[in-house]
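Coordinate analysis (summary)
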Amino acid sequence: MKVLFIGGTGTISTAISKELIQMGTDLYILNRGSRNDTLGSRGVKYLTCDVYKEDEVRELIKELTFDVVADFIAFDTSALERDYRLFKNKTKQFIFISSASAYQKPLSNYKITEGTTLSNPFWEYSRNKIACEEFLFKMYRENGFPITVVRPSHTYDDRSIPLGVHGDRGSWQVAKRMLEGKKVIIHGDGSSLWTMTSSIDFAKAFIGLMGNSHSIGESVQITSDESLTWNQIYSSIADALGVELKPYYVPSDFLDAVGKYDFKGGLIGDKVNSVVFDNSKLKNLVPTFTPSIRFDQGIKRTVTNILNSPDLQVEDKEFDIWCDRVIQALEVAKEGLNHS
């Protein structure tokens, strides 16, 4: 199979790329080359270019055709319009990475299938993904463009700890607070359900959709079957770090209203909702797929790798100070209510 990935070195795509390299797939990676060292030089052909420079990309691929092209970095319709122009006659399958955050918020039913309505008034990112899907399905219906839409939810790898609340510089600062015995902010009361998916499990399912004629013209969600409360998620992270979790619960609408960080989309438009994914469609398309990595197991691998990789320990002192201020302000407010 001859495959082209646009991106190819992100949280989701790195695991897929590594597995394809192990399988001996004829893999091409088109990106600017800033993180290609994560894949190495064996078993992959790099097309180094800014994908937004359409004429340069066209020149690079002029003699090439592919069985599968997958775009991991498209976030708006202009990117998909470009992809359509570039690949409409050059691939047997085009896979677009959408997002499960595109599903209706608030949900009318906690159990999500591919038939759940797409509508998210809280998050522009999700609305852009919906618009991308609409464009691609239009190209499929009207022009036979062989698309498959994949909707991931919260997928994690060994380079970053997946969380509900963190700052602009990633999740390490929250882990650092746990290690230092500080209180850690959890949105709501921590009881809502969420689904975490290992990128290794995701890769297995994704590869099963590649070259799969039954997935053409379809949207397919890829997630784990495991549902966890946020309390369980944070407790698993603390256990992996070998420390006691000290949770501090803050209403999600308060976090959104504070204004320092933009939690409107990521929380109100996504993580505050309890979700359970029905992956029946995926398993019909890829009968061999069964997610095998429980979150408590997968997060141990992630934490171990981060603790052994100083370059992944990116501090965010501004977020740390902000957490302390939020906690202090709420504690003062509680004291005031107790004495009123």
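Each chain carries its own residue numbering, running from 1 in the direction its sequence is written. Totals for whole chains, interfaces and linings use every residue, but because this is a predicted model, local features are given only for residues with pLDDT of at least 70 and side-chain atom pairs only at 80 or more, for both listing and counting. In computing side-chain properties, one takes all heavy atoms of the structure into account and sets aside hydrogens as well as water.

1. Considerations on the side chain of Lys271
To be explicit about the condition: We count a stretch as a helix when DSSP gives it H or I for four or more residues in a row; a strand needs E for two or more, and each element gets its number in order from the N terminus. Exposed residues in this analysis have more than 50% of their type's maximum accessible area, buried residues have under 20%, and partly exposed residues fall in between, with area computed by a 1.4 Å probe over protein chains only. In this tally Asp and Glu are treated as negative and Lys and Arg as positive; neither His nor the chain ends contributes. Whenever Lys or Arg places a side-chain nitrogen within 4 Å of a carboxyl oxygen from Asp or Glu, that contact is recorded as a salt bridge. In this description, contact between two residues means that some pair of their heavy atoms is separated by no more than 4.5 Å.
Looking at the element boundaries, Lys271 is found in helix α9 (residues 264–271). The side chain of Lys271 sits in the buried core without any salt bridge; Asp270 is the nearest counter-charge, 4.2 Å away. In this view, Lys271 contacts His154, Leu163, Gly164, His187, Ser192, Trp194, Trp230 and Gly266; residues no more than four positions away in its chain are not counted.

2. Regarding the packing of aromatic side chains
The test is simple: Stacked, tilted and edge-to-face are the three classes assigned to paired rings of Phe, Tyr and Trp, where Trp is represented by its six-membered ring and a pair needs centres within 6.5 Å; plane angles under 30 degrees give stacked, over 60 edge-to-face, the rest tilted.
Counted under the stated rule, the structure contains 18 aromatic pairs. When the ring of Phe202 is compared with that of Phe206, the centres are 6.1 Å apart and the planes differ by 25 degrees; the resulting orientation is stacked. Of this pair, Phe202 and Phe206 both sit in helix α6 (residues 199–209), four residues apart, which is roughly one turn of the helix. Across the pair, exposure class does not vary: Phe202 and Phe206 are buried alike. These aromatic residues form a ring-pair network of at least three members: Phe5, Phe72, Phe202 and Phe206.

3. Details of the pairing of strand β1 (residues 2–6)
Definition in use: Between any two strands, pairing holds if DSSP finds at least two bridges.
For β1, a buried count of four out of five residues is recorded, marking the element as mostly surrounded by other parts of the structure. Here five bridges tie β1 to strand β2 (residues 26–31), and the two strands are oriented parallel to one another. Bridged to Val3 within β2 is Leu27. Strand direction decides the pairing type here: β1 and strand β4 (residues 68–71), joined by four bridges, are parallel. Looking at β4, one finds that Ile6 is bridged to Asp71.

4. Examining the packing of helix α5 (residues 172–179) against helix α7 (residues 230–241)
The condition that has to hold: Each axis is a line fitted through C-alpha atoms, taken for helices only over the stretch in contact, and angles between the N-to-C directions span 0 to 180 degrees. Here roughly perpendicular refers to angles of 65 to 115 degrees, roughly parallel to angles under 35, roughly antiparallel to angles over 145, and oblique to all remaining angles. Each helix crossing is assigned a hand: it is left-handed if the near helix lies turned anticlockwise from the far helix by less than a right angle, otherwise right-handed if that turn is clockwise. Here the nonpolar group is Ala, Val, Leu, Ile, Met, Phe, Trp, Tyr, Cys and Pro; Asp, Glu, Lys and Arg are the charged ones; every other residue, Gly included, is treated as polar.
Where α5 contacts α7, the two axes come as close as 10 Å, and the packing angle between them is 65 degrees. Between α5 and α7, the crossing angle belongs to the class labelled roughly perpendicular. Judged by the sense of rotation from one axis to the other, the crossing of α5 with α7 is right-handed. On the side of α5, the interface is formed by Val174, Ala175, Met178 and Leu179, while α7 contributes Tyr234, Ile237, Ala238 and Leu241. For the contact of α5 with α7, the residue count by class is eight nonpolar, no polar and no charged.

5. Digging into the domain arrangement of the chain
Short version of the rule: The domain boundaries here were taken from an automatic or database domain assignment. A quick way to say it: buried area is the sum, across both parts, of accessible area lost when two parts are put together, with a 1.4 Å probe.
Once the domains are mapped, the chain shows domain 1 (2–156 + 196–222) and domain 2 (171–195 + 228–275 + 294–339). Centre-to-centre, using C-alpha coordinates, domain 1 lies 30 Å away from domain 2. At the boundary of domain 1 with domain 2, total buried surface from both sides reaches about 1,400 Å², with 67% on carbon and sulfur atoms. Applying the counting criterion to the domain 1 and domain 2 interface returns zero salt bridges. Breaking the side of domain 1 that touches domain 2 down by element, the ones donating at least two residues are β8 (154–156) and β11 (196–198). Its residues assigned to classes, the side of domain 1 that touches domain 2 comprises nine nonpolar, five polar and one charged.

6. A word on the packing of helix α3 (residues 77–87) against helix α4 (residues 124–143)
Axis separation between α3 and α4 bottoms out at 8 Å; the angle between their running directions is 30 degrees. Relative to α4, the element α3 is oriented roughly parallel. Between α3 and α4 the crossing geometry is right-handed. Facing Thr77, Leu80, Glu81 and Tyr84 of α3, the residues of α4 in contact are Ala131, Cys132, Phe135, Leu136, Met139 and Asn143.

7. A look at the nonpolar core
Stated formally: Residues belong to a common nonpolar core when they are buried Ala, Val, Leu, Ile, Met, Phe, Trp, Tyr or Cys residues joined through side-chain atoms within 4.5 Å.
Met178, Ile185, Tyr234, Ile237 and Trp322 are the most contacted members of the largest nonpolar core, which has 43 residues in total. Put simply, the parts of the chain that give this core at least two residues each are α5, β9 (184–187), α7, β14 (247–250), α11 (295–307) and α12 (317–338). A domain split of this core shows at least three residues from each of domain 1 (2–156 + 196–222) and domain 2 (171–195 + 228–275 + 294–339). In terms of nonpolar packing, the next biggest core, distinct from the first, is built from 29 residues, Ala15, Val44, Phe206 and Val286 among them.

8. Points about the sheet that holds β1
Spatial strand order, β3-β2-β1-β4-β5-β7-β12: seven strands in an open sheet with parallel pairing. If you trace the sheet from one side to the other, it starts and ends with β3 (44–48) and β12 (218–222), each paired once. Direction aside, the axes of adjacent strands within the sheet are offset by 20 degrees on average.

9. Focus on the environment of Asp37
Relative to the helices and strands, Asp37 resides in the loop between β2 and β3. Between the C-alpha atoms of Asp37 and Thr9, which are 28 residues apart in sequence, the distance is 9.1 Å.

10. Brief notes about the pattern of salt bridges
As enumerated under the stated definition, the model contains 24 salt bridges in all. A salt bridge links Arg151 to Glu133; its shortest N-O distance comes to 2.7 Å. Of this pair, Arg151 sits in strand β7 (residues 147–152) while Glu133 sits in helix α4, and the two are 18 residues apart along the sequence. Assigned by exposure class, Arg151 and Glu133 land together as buried. A single salt-bridge network, built from bridges that share partners, covers Lys176, Arg177, Glu180, Lys182, Asp320 and Asp324.

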